[in-house]
Amino acid sequence: MSTEEQRLNKYGMKTYNTRDLIVREDIMGKAKELATLISTSEEVRHFQQAEQKILNHERVQGLIATIKKKQKEIVAFESFNNKDMVAKIEREIEVLQDEIDGIPVVNEFQQSQSDINYLLQLVISVIRDTVSEKINVEAGTEAPPTTCG
């Protein structure tokens, strides 16, 4: 059996192993160009500014450090099966998290993360829909008939 025959599925179509696929250089070039456009977008710039504000905000950093410390305490108390202390510390963490969530720069940061995620999902959707549309049009596929006859 030849390599070509081994790569055909039961319908006679070529099949590929994902790790064997090599993306064309022009496609990779355009993908990198698109990544550069996105990374220089207003949304990314805003995210970077919000991230810097978070990193430089002493209260936020202090609260984050306290939460991390309390998370380690939870792990320790879990190892001793001390459910009461675990529950107490979890409540303390919730209070700290609520305080963090109430700080305007944190809200700004979270919103900027959400904006970037939306932008990326939008780009993915446009690419997916455009490719799907082109495949259907170029292959001449239409919806199957609802009745035969």
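Placed above this text is the structure.
The following refers to the structure shown. (Residues numbered from 1 in each chain as written. Predicted model: local features only at pLDDT ≥ 70, side-chain atom pairs only at ≥ 80, totals over all residues. Heavy atoms only, no water.)

Focus on a nonpolar patch on the surface
Rules: Exposure above 30% relative accessible area and the absence of a salt bridge qualify a residue for a patch, where like charges join within 9 Å and nonpolar side chains (Val, Leu, Ile, Met, Phe, Trp, Tyr) within 5 Å. Note on areas: Shrake-Rupley, 1.4 Å probe, and residue coverage restricted to the protein chains presented here. The working definition used for a salt bridge is a side-chain nitrogen of Lys or Arg within 4 Å of a carboxyl oxygen of Asp or Glu. Starting at the N terminus, helices and strands are each numbered in turn, a helix being any DSSP run of H or I of at least four residues and a strand any DSSP run of E of at least two. Here's how the labels work: a residue is buried when its accessible area is under 20% of the maximum for its type, exposed when over 50%, partly exposed in between, all with a 1.4 Å probe on protein chains only.
Taken together, Leu34, Leu37, Ile127, Val131 and Ile135 make up a surface patch of nonpolar side chains, about 430 Å² in accessible area. Broken down by secondary-structure element, the contributors of at least two residues to the nonpolar patch are helix H2 (25-39) and helix H6 (104-139). It is H6 that provides the largest number of residues to the nonpolar patch, a total of 3 residues. Relative to the elements of secondary structure, Val131 occurs in helix H6. With a relative accessible area of 43%, Val131 lands in the partly exposed category.

Examining the pattern of salt bridges
Under the defined criterion, the tally for this structure stands at 9 salt bridges. The partner of Lys53 in a salt bridge is Glu108, with the nearest N and O atoms 3.1 Å apart. You can see Lys53 sitting in helix H3 (residues 42-56) and its partner Glu108 sitting in helix H6, a full 55 residues away along the chain. Look at the salt bridges and you will find they share partners, linking Lys70, Lys88 and Glu92 into a network.

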